[in-house]
Amino acid sequence: MKILVCFKTVPDLEMLSEEDWAVDSNLAVDVSFVKNILNCFDESALEMTLKLSEYSESFNESLTLTALTIGDKKAEMFLKTLYALKFQKAVRIENNEDVRFFPEVIAAVIAQYVEKINNQDVVVLGRQSGEGDNAKTPLLVAEMLGWPCITQVINIEPSQEERLRVTSMVEGGTLIQVIDTPCVLSVGNAPVSYLRVPTLKDKMSYGKRAIEVLNINVFNIASLLNKCYHEYQLIGLEKISNHRAGILIEGATTAEKAKKLYDHYLKERLEKQ
Amino acid sequence: MKFTVILNGCSDNFILQAEEINGFLSSNALNLSRGHTIIFYCEENSKIELMANAPTASVELIKVKRYQPENILEILKQRTINQQMDLYLFASDFTGSELSVRFAYRIAGSSLVAVNKLEIEKDGLIAYKAVYSNHMQGVFKLSKKPYCISIAKGCTDLEAVLEKNHEAITEDMMDVVKDDFIKEYDFVEEERVSGLAHAKFMLVAGNGVKQKEKVKRLEEIAKSLGAVLGVSRPVATNAWAPLNQLVGVSGVMAKPELCIAVAVSGAAAFFAGIEKSQYIIAINTDKGAPIVRCADVVIIDDYESILEELLKIK
Ligand SMILES: Cc1cc2nc3c(=O)[nH]c(=O)nc-3n(C[C@H](O)[C@H](O)[C@H](O)COP(=O)(O)OP(=O)(O)OC[C@H]3O[C@@H](n4cnc5c(N)ncnc54)[C@H](O)[C@@H]3O)c2cc1C
Ligand SMILES: Nc1ncnc2c1ncn2[C@@H]1O[C@H](COP(=O)(O)O)[C@@H](O)[C@H]1O
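Computed from a predicted model, the values in this text were never measured in an experiment. (Residues numbered from 1 in each chain as written. Chains lettered and ligands numbered in written order. Predicted model: local features only at pLDDT ≥ 70, side-chain atom pairs only at ≥ 80, totals over all residues. Heavy atoms only, no water.)

Regarding the overall build of chain B
Let me state the cut-off plainly: A run of H or I in DSSP becomes a helix once it reaches four residues, and a run of E becomes a strand once it reaches two; helices and strands are each numbered from the N terminus. The atom set for the radius of gyration is the C-alpha atoms, and the globule formula is 2.2 Å times the number of residues raised to the power 0.38. Between buried and exposed lies partly exposed: a residue is buried under 20% and exposed over 50% of the maximum accessible area for its type, with that area taken using a 1.4 Å probe on protein chains only. Pairs of residues are marked as contacts when any of their non-hydrogen atoms sit within 4.5 Å.
Scanning chain B from terminus to terminus reveals nine helices and 15 strands. Taken over C-alpha atoms, the radius of gyration comes to 21 Å for chain B, in line with the 20 Å a tight globule of 314 residues would show. With respect to the three principal axes, the spread of C-alpha positions in chain B is 65 × 45 × 40 Å. Residues counted as buried form 58% of the 314 residues belonging to chain B. Considering only contacts in chain B between residues 6 or more positions apart, those separated by 24 or more positions represent 64%.

Overview of the site of ligand 1
Rules: Here a residue is near a molecule or strand as soon as one of its heavy atoms is found within 4 Å of it. Polar contacts, as counted here, are pairs of nitrogen or oxygen atoms within 3.5 Å of one another; within protein the pair requires one atom able to donate a hydrogen and one able to accept it, and residues that are adjacent in sequence qualify only if both atoms are side-chain atoms. Throughout, the Shrake-Rupley method with a 1.4 Å probe supplies accessible areas, and for residues the shown protein chains are the sole cover considered.
With respect to spatial proximity, 32 residues lie near ligand 1, and among them Asn207, Ser232, Ser250, Ser265 and Asp302 of chain B are the closest. Chains contributing residues to the immediate surroundings of ligand 1 are chains A and B. Between a nitrogen atom of ligand 1 and a main-chain N or O atom of Gly208 of chain B, the distance comes to 3.4 Å. Contact between ligand 1 and Arg233 of chain B: an oxygen atom at 2.8 Å from a main-chain N or O atom of the residue. Notes on ligand 1: free accessible area 990 Å², of which the protein chains cover 82%.

Things to note about the sheet that holds strand E10 (residues 182-189) of chain B
Operational definition: Whether two strands pair depends on DSSP finding at least two bridges between them. Fitted lines through C-alpha atoms serve as axes, helices being fitted only where they are in contact, and the angles separating the N-to-C directions of these axes extend from 0 to 180 degrees.
Spatial ordering of the open sheet is given by E11(A)-E5(A)-E4(A)-E1(A)-E6(A)-E10(A)-E7(A)-E8(A)-E9(A)-E10(B), a layout of 10 strands whose pairing is mixed. Looking along the sheet, the strands with just one partner apiece sit at the ends: strand E11 (212-215) of chain A together with E10 of chain B. Each adjacent strand pair in this sheet contributes to an overall mean axis angle of 30°, direction not counted. Along the sheet, helix H2 (residues 76-84) of chain A makes contact with strand E4 (64-71), strand E5 (89-94) and E11 of chain A, crossing E5 of chain A at roughly 165°. Strands strand E7 (149-159) and strand E8 (163-170) of chain A of the sheet are contacted by helix H4 (residues 94-106) of chain B, whose axis makes an angle of about 100° with E7 of chain A.

Structural notes on helix H1 (residues 40-57) of chain A
Going by this rule: In this scheme, a helix's expected span is set at 1.5 Å multiplied by one less than its residue total.
With 18 residues, H1 of chain A ought to run about 26 Å at 1.5 Å a step, and its terminal C-alpha atoms sit 27 Å apart, in line with that. In terms of burial, H1 of chain A is largely enclosed, as 13 of its 18 residues are buried.

A word on the interface of chain B and chain A
Selection criterion: What counts as buried area is the accessible surface, traced by a 1.4 Å probe, that two parts surrender upon association, with contributions from both included. Between Lys or Arg on one side and Asp or Glu on the other, a salt bridge is scored when a side-chain nitrogen of the former is within 4 Å of a carboxyl oxygen of the latter.
Contact residues are listed per partner, giving 84 residues for chain B and 84 residues for chain A. Of the roughly 7,500 Å² buried where chain B meets chain A, counting both sides, 59% is carbon and sulfur surface. Taken together, the links from chain B to chain A amount to eight salt bridges. The salt bridge partner of Glu143 of chain A is Arg106 of chain B, with a shortest N-O separation of 2.7 Å.

Describing the sheet that holds strand E11 (residues 201-205) of chain B
Here six strands make up an open sheet; going across it, the order is E13(A)-E15(B)-E14(B)-E13(B)-E11(B)-E12(B) and the pairing parallel. The sheet terminates laterally at strand E13 (247-248) of chain A together with strand E12 (228-231) of chain B, the two strands that pair on one side only. Two strands pair when backbone bridges link them, and strand E14 (residues 279-284) of chain B and strand E15 (residues 297-300) of chain B are joined in this way by four bridges, in the parallel orientation. Across the sheet, the residue bridging to Ala282 of chain B is Val298 of chain B, located in E15 of chain B. Of the strands in this sheet, E13 of chain A together with E11, strand E13 (258-262), E14 and E15 of chain B touch helix H7 (residues 254-272) of chain A, which is tilted by about 150° from E15 of chain B. Its contacts with the sheet put helix H9 (residues 303-313) of chain B on E11, E13, E14 and E15 of chain B, and the angle it makes with E14 of chain B is roughly 125°.

Considering the side chain of Asp133 of chain A
Short version of the rule: Asp and Glu are treated as the negative residues and Lys and Arg as the positive ones, with His and the ends of the chain left uncounted.
Within the secondary structure, Asp133 of chain A sits in the loop between strand E6 (122-126) and helix H4 (137-145). One buried charged residue, Asp133 of chain A, forms no salt bridge at all, with the nearest opposite charge on Lys129 of chain B at 6.4 Å. A polar atom in the side chain of Asp133 of chain A sits 2.7 Å from the backbone nitrogen of Ser133 of chain B. Contacts of Asp133 of chain A, omitting those with residues within four sequence positions, involve Gln128 of chain A together with Lys129, Ala130, Val131, Tyr132, Ser133 and Asn134 of chain B.

Description of the environment of Cys155 of chain B
Residue and element names in this part refer to chain B. By secondary structure assignment, the location of Cys155 is in the loop between strand E8 (147-151) and strand E9 (167-172). On the accessibility criterion, Cys155 (21% relative accessible area) is partly exposed. Placed 19 residues apart in sequence, Cys155 and Met174 show a C-alpha to C-alpha distance of 33 Å. With residues near it in sequence (within four places) discarded, Cys155 still touches Phe24, Val115 and Asn116.

Notes on the confidence of the model for chain B
Cut-off, in case you're wondering: On a range of 0 to 100, pLDDT expresses the predictor's confidence in each residue.
On average, residues of chain B carry a pLDDT of 95, and 100% of them reach 70 or more. Scored by ipTM, the complex comes to 0.96, with pTM at 0.96.

A short note on the packing of aromatic side chains
Quick note on the threshold: By convention, a stacked pair of Phe, Tyr or Trp rings (six-membered ring in the case of Trp) has centres within 6.5 Å and planes under 30 degrees apart, an edge-to-face pair has planes over 60 apart, and any other such pair is tilted. Note on geometry: a ring has a charge over it if NZ (lysine) or CZ (arginine) is within 6 Å of the ring centre and within 35 degrees of the ring normal.
Going through the model one piece at a time under the given rule, you end up with nine aromatic pairs over all chains. Between the aromatic rings of Phe101 of chain A and Phe140 of chain B, the centroid separation amounts to 5.4 Å while the plane-to-plane angle is 70°, which identifies the pairing as edge-to-face. Here Phe101 of chain A is found in the loop between E5 and helix H3 (103-117), whereas its partner Phe140 of chain B is found in strand E7 (residues 136-142) on a different chain. Classification of Phe140 of chain B as buried rests on a relative accessible area of 1%. Looking at Arg269 of chain A, its charged tip hangs above the ring of Tyr279 of chain B, at a distance of 3.4 Å from the centre.

Points about the pairing of strand E2 (residues 35-41) of chain B
All names here are of chain B. In terms of burial, E2 is a largely internal element, seven of the seven residues being buried. Burial along E2 is two-sided: Gly35, Thr37, Ile39 and Tyr41 facing one way and His36, Ile38 and Phe40 facing the other are all buried. Strand direction decides the pairing type here: strand E1 (residues 3-8) and E2, joined by six bridges, are parallel. Across the sheet, the residue bridging to Thr4 is His36, located in E2.

Looking at the packing of helix H3 (residues 69-80) of chain B against H4 of chain B
For any two helices packed against each other, the geometry is given by the interaxial angle and the distance between the axes. Residue and element names in this part refer to chain B. We apply this condition: Should an angle lie under 35 degrees it is considered roughly parallel, over 145 roughly antiparallel, and from 65 to 115 roughly perpendicular; all remaining angles are considered oblique. Crossings are classed by handedness, with left-handed meaning an anticlockwise turn of the near helix from the far one by less than a right angle and right-handed meaning a clockwise turn.
H4 packs onto H3 with a crossing angle of 50° between their chain directions and a minimal axis gap of 10 Å. The orientation of H3 relative to H4 falls into the category oblique. Considering how the two elements wind past one another, H3 and H4 form a crossing that is right-handed. Residue-level inspection shows Pro69, Glu70, Ile72, Leu73, Glu74, Leu76, Lys77 and Thr80 of H3 in contact with H4, the latter providing Glu98, Leu99, Arg102, Phe103 and Arg106.

Rendered as structure tokens:
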């Protein structure tokens, strides 16, 4: 079974201080100086797929794992790690266009990659990513490929007859479905938060392979972007402010602080409950 | 603006969806007489309640076997094929966001997920939504009809439906089957509801608690204080607490009167889930954590020592 995981590296926005949130004339925020991290849902998706791959071996089935990201060179560090974790293919589609708010473009590139370059049985994506917070890409990939899509996925396991057992969260509980491929899986808040760290040995023996880099122009990006501009555009961007009083309770000891908190701020409120 | 509301009547949260949409319609000045509601439902005996909670007078009830997006998308397309609709509005839960995006693609419209406000203009629709992991509000102009919008969780007050003169048509479309890729199907009900959405007093714990045992202790502390325990994303994804206790944009958007937030940094995507609290008390060891500026009262100290002290005083 061939599985493609699409991931995005995102700036760690929690590192930005209050003053850093200045919006420029292109309605963008300069985030070039903060560390890039894996989008949290994608990190779960990658780890989940590695687990699936291990588990599949006990079903005598071997998976071919490809990791794909669309973006600039900053992502290569992660692609190398994925090689070291035994992803068979690590692909980067070079892009320098501003596609923050155009999941349609990203989805079309992914769908074309699957249809024309590297056929797959399953495409795994995260449910949402910054900076756009679009929450649309996996759904659009499914539509463009004409495949079904399961959202809020929290676990993927192998099943008999080349099928998958997919667990997802739904209102009021969880759903366990055994499905035929092809299928798009959109990963939600899964209880798998961290991507494992490769061993030094694996880093040395697998992590040095060349990352496949494709140019985004192969995917007709100009016409994709143009189509998006005609459908919708970002016209404003403003910082959300959540400031409150932030009264600091001081005290020499923990007990003193707790007492002050209770007497001045909590007692009355607790009594009201 | 001619619009259609799409609701999932197979879900237990139906009333919440309906009241939220109703609140959204009134706060965005959408004229109810130009609206229509489509409700998917599974159980015959739920029909009366579903209809009574439709935000518009004109209602269509469509019977399906269960909520299954592939089938529902096919039905929606069949039912709306010749309509000149300007706007389709979907609920704030995951069903709303998945349907809005996929449906928009199928009818060649445009979509936006988690919208908190709309403004109607002659040549388009202005939609507001949080971006940059909830640090920023983005304003979008959509110019391709039909607009398919799913609303943001907790973006309006809930408003009970007042419409009494519903005119409903009912249709059975159980024979539409686009889900034969599913070979086995098993729904496992949640063991217990978290009660967070309606909690008046919430204790919410973050990654700084560091281990599962501590979360257990916090459960007890919450109980003896009379609070409901919520957690941040890392606590849930580390499996230290059930996923339904997750607070934030991808979990519960709570509106308690009192919220004590311990060992959470206060990341914007988390904070959105407690922003509507009337009063926020934060306990954190780091004076520079964002939560410090977003709380009403702050203690800089180890959360555990403070909470244990509080229990002694109380
Ligand atoms: C699209 C998207 C959606 C997201 N949705 C959500 C969501 O719904 N909910 C959510 O929570 N997150 C969400 N996140 C993740 C969010 O951005 C943060 O990563 C997360 O909230 C951080 O959790 P935390 O504050 O518990 O952990 P950390 O950032 O690790 O913070 C831990 C805090 O604990 C403090 N601390 C440590 N030890 C102690 C101690 N002994 N006593 C007191 N304080 C201590 C530290 O100073 C620190 O401030 C989302 C992210 C994205 C990109
Ligand atoms: N530039 C990208 N490269 C690869 N995958 C992406 C990219 N952008 C988004 N995705 C995938 O789409 C998911 C949802 O993103 P979005 O629709 O932008 O919120 C992410 O979690 C990724 O899995």
